[in-house]
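Each chain, written out:
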Amino acid sequence: MKLHTYWRSTSSYRVRIALALKNLAVEHVPVHLLRNGGEQNAPAYRALNPQGRVPSLVLDSGVVIAQSPAILEYLEEAYPAPALLPGDPVERARVRAVAALIGCDIHPLHNIGPLRYLRTELGRPEPEVGGWIAHWIGQGLSAVEAMIGDEAFCFGSEPGMADVYLVPQLYAARRFDVPLDGFSRILRVERVAAEHPAFREAHPANQPDAEAPAA
């Protein structure tokens, strides 16, 4: 399989974690979202993924799966062990609710497209853009804090789909200097995940296309 990814992409990060948790080998194909107007806008990549987003997972058969939720569900169905979703339907729904909250309500509002629109089309100054980011991430994480449990990862002693979504979202929150004080459960998950080999392997800083922080 080939994963078209960008080292700092939150949604790519999710998929990298799931692949590592399931011990699946994949070839990483970097797609730089800023260089030359964004490599995701090149005709060759648009032919692969018409939306021009990352990640895109290319299966051995040549089939392309876009959108991280679809990729994650595919991986869970095609490679069920280790499971990222619990067996009980109610518990599965609880996990999916946290994943959807992050993937649908938090992440899209600080993605590269909306932020570019705020800055260029609407001409909003950087302090306002920063306030926008902090508001939506903070509001969403407040809900996540109330929804997850008190044992190690979000819903127990082993990592699951909620953690696959939460850890990259925390990376984004720190990138944008969003205060995380008061989120004791969330910070616990972050600490536990930092010690797990799959989460370390998938971390943006450990990707082949990772860039050094600006001086």
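Structural data are supplied above this passage.
Residues numbered from 1 in each chain as written. Predicted model: local features only at pLDDT ≥ 70, side-chain atom pairs only at ≥ 80, totals over all residues. Heavy atoms only, no water.

**Student:** Just give me the short version of the side chain of Arg-16, but keep the residues and values in it.
**Tutor:** Relative to the helices and strands, Arg-16 is located in helix α1 (residues 10-21). The side chain of Arg-16 sits in the buried core without any salt bridge; Asp-209 is the nearest counter-charge, 6.0 Å away. Polar side-chain contacts of Arg-16 include one of 3.4 Å to the backbone oxygen of Tyr-6. A distance of 3.4 Å separates a polar atom in the side chain of Arg-16 from a polar atom in the side chain of Gln-207. When residues no more than four places from it in sequence are discounted, the contact partners of Arg-16 are Leu-3, Thr-5, Tyr-6, Trp-7, His-28, Ala-202, His-203, Pro-204 and Gln-207. (Helix = DSSP H or I, 4+ residues; strand = E, 2+ residues; numbered from the N terminus. Buried < 20%, exposed > 50% of the residue type's maximum accessible area, 1.4 Å probe, protein only. Lys, Arg positive; Asp, Glu negative; His and termini not counted. Salt bridge = Lys/Arg side-chain N within 4 Å of Asp/Glu carboxyl O. Polar contact = N/O pair within 3.5 Å; in protein donor to acceptor, adjacent residues only side chain to side chain. Contact = heavy atoms within 4.5 Å.)

**Student:** Can you explain the nonpolar core? Please cite residues and give values.
**Tutor:** Core analysis: the largest hydrophobic core is formed by 59 residues, its most contacted members being Ile-17, Leu-141, Val-144, Met-161, Leu-166 and Ile-186. Broken down by secondary-structure element, the contributors of at least two residues to this core are α1, α3 (68-78), α4 (89-106), α5 (112-121), α6 (126-147), α7 (161-175), α8 (184-194) and α9 (197-202). Here this core takes nine residues from α7, the largest share from any one element. (Core = buried A, V, L, I, M, F, W, Y, C linked by side-chain atoms within 4.5 Å.)

**Student:** How would you explain the pairing of strand β1 (residues 2-5) if you had to name every residue and give the values?
**Tutor:** Note: β1 against strand β2 (residues 27-30), four bridges, orientation parallel. Pairing of Leu-3 across the sheet is with His-28, part of β2. Each parallel crossover has a hand, and for β1 linked through α1 to β2 it is right-handed. Judged from the three bridges that link them, β1 and strand β3 (residues 56-58) form a sheet pairing that is antiparallel. Considered in β3, the bridge of Leu-3 is made with Leu-57. (Pairing = 2+ DSSP bridges. Right-handed = clockwise from strand over helix to strand, strands pointing away.)

**Student:** Outline α8, supporting the account with residue identities and numerical values.
**Tutor:** One turn of the α-helix equals 3.6 residues, which is why residues spaced by three or four share an orientation. Within α8, burial applies to Ile-186, Leu-187, Arg-188, Val-189 and Ala-193. Tucked inside the fold, the buried residues of α8 contact α6, α7 and α9.

**Student:** Give a description of the packing of α6 against α8 that names residues and reports values.
**Tutor:** Direction vectors running N to C along α6 and α8 enclose 80 degrees, while the axes themselves pass 8 Å from each other. Between α6 and α8, the angle falls in the class roughly perpendicular. Of α8, the residues touching α6 (which contributes Leu-141, Val-144, Glu-145 and Ala-146) are Ser-184, Arg-185 and Ile-186. Taken together, the residues of the contact of α6 with α8 break down into four nonpolar, one polar and two charged. (Axes fitted to C-alpha atoms, helices over the stretch in contact; angles between N-to-C directions. Parallel < 35°, antiparallel > 145°, perpendicular 65-115°, else oblique. Nonpolar A, V, L, I, M, F, W, Y, C, P; charged D, E, K, R; others polar.)

**Student:** So what's going on with the pattern of salt bridges? Which residues, and what values?
**Tutor:** On inspection of all chains with the given rule, the structure shows eight salt bridges. When the shortest N-O distance is used, the salt bridge between Arg-174 and Glu-190 registers 2.8 Å. With Arg-174 in helix α7 and Glu-190 in helix α8, this pair connects stretches of sequence that are 16 residues apart.

**Student:** Give a description of the sheet that holds strand β4 (residues 64-66) that names residues and reports values.
**Tutor:** Backbone-to-backbone hydrogen bonds pair the strands of a sheet. The strands run either parallel or antiparallel. The strand order across the open sheet formed by four strands is β2-β1-β3-β4, and the pairing between neighbours is mixed. The open sheet has two free edges, formed respectively by β2 and β4, since each of these has just one partner strand. Strand-to-strand twist in this sheet, taken as the mean axis angle between neighbours without regard to direction, amounts to 20 degrees. In this sheet, β4 lies alongside β3 in antiparallel orientation, the contact comprising three bridges. The partner of Val-58 across the bridge, within β4, is Val-64. Where α1 meets the sheet, it contacts β1 and β2, and its direction lies at approximately 150 degrees from that of β1.

**Student:** Please provide a residue-by-residue account of the packing of aromatic side chains, values included.
**Tutor:** Following the criterion strictly, the structure yields five aromatic pairs and no others. Look at Tyr-13 and Tyr-171: their rings are 5.9 Å apart centre to centre, the planes differ by 85 degrees, and that puts the pair in the edge-to-face class. Of this pair, Tyr-13 sits in helix α1 while Tyr-171 sits in helix α7, and the two are 158 residues apart along the sequence. Tyr-13 gets classed as buried once you look at its relative accessible area, which sits at 2%. Taking the centre distance of 6.4 Å and the plane angle of 85 degrees together, the rings of Tyr-74 and Tyr-79 count as edge-to-face. With relative accessibility at 24%, the residue Tyr-74 sits in the partly exposed group. (Phe/Tyr/Trp six-rings, centres within 6.5 Å; stacked < 30°, edge-to-face > 60°.)

Honestly, that's just the spatial picture; any functional story needs more than this.
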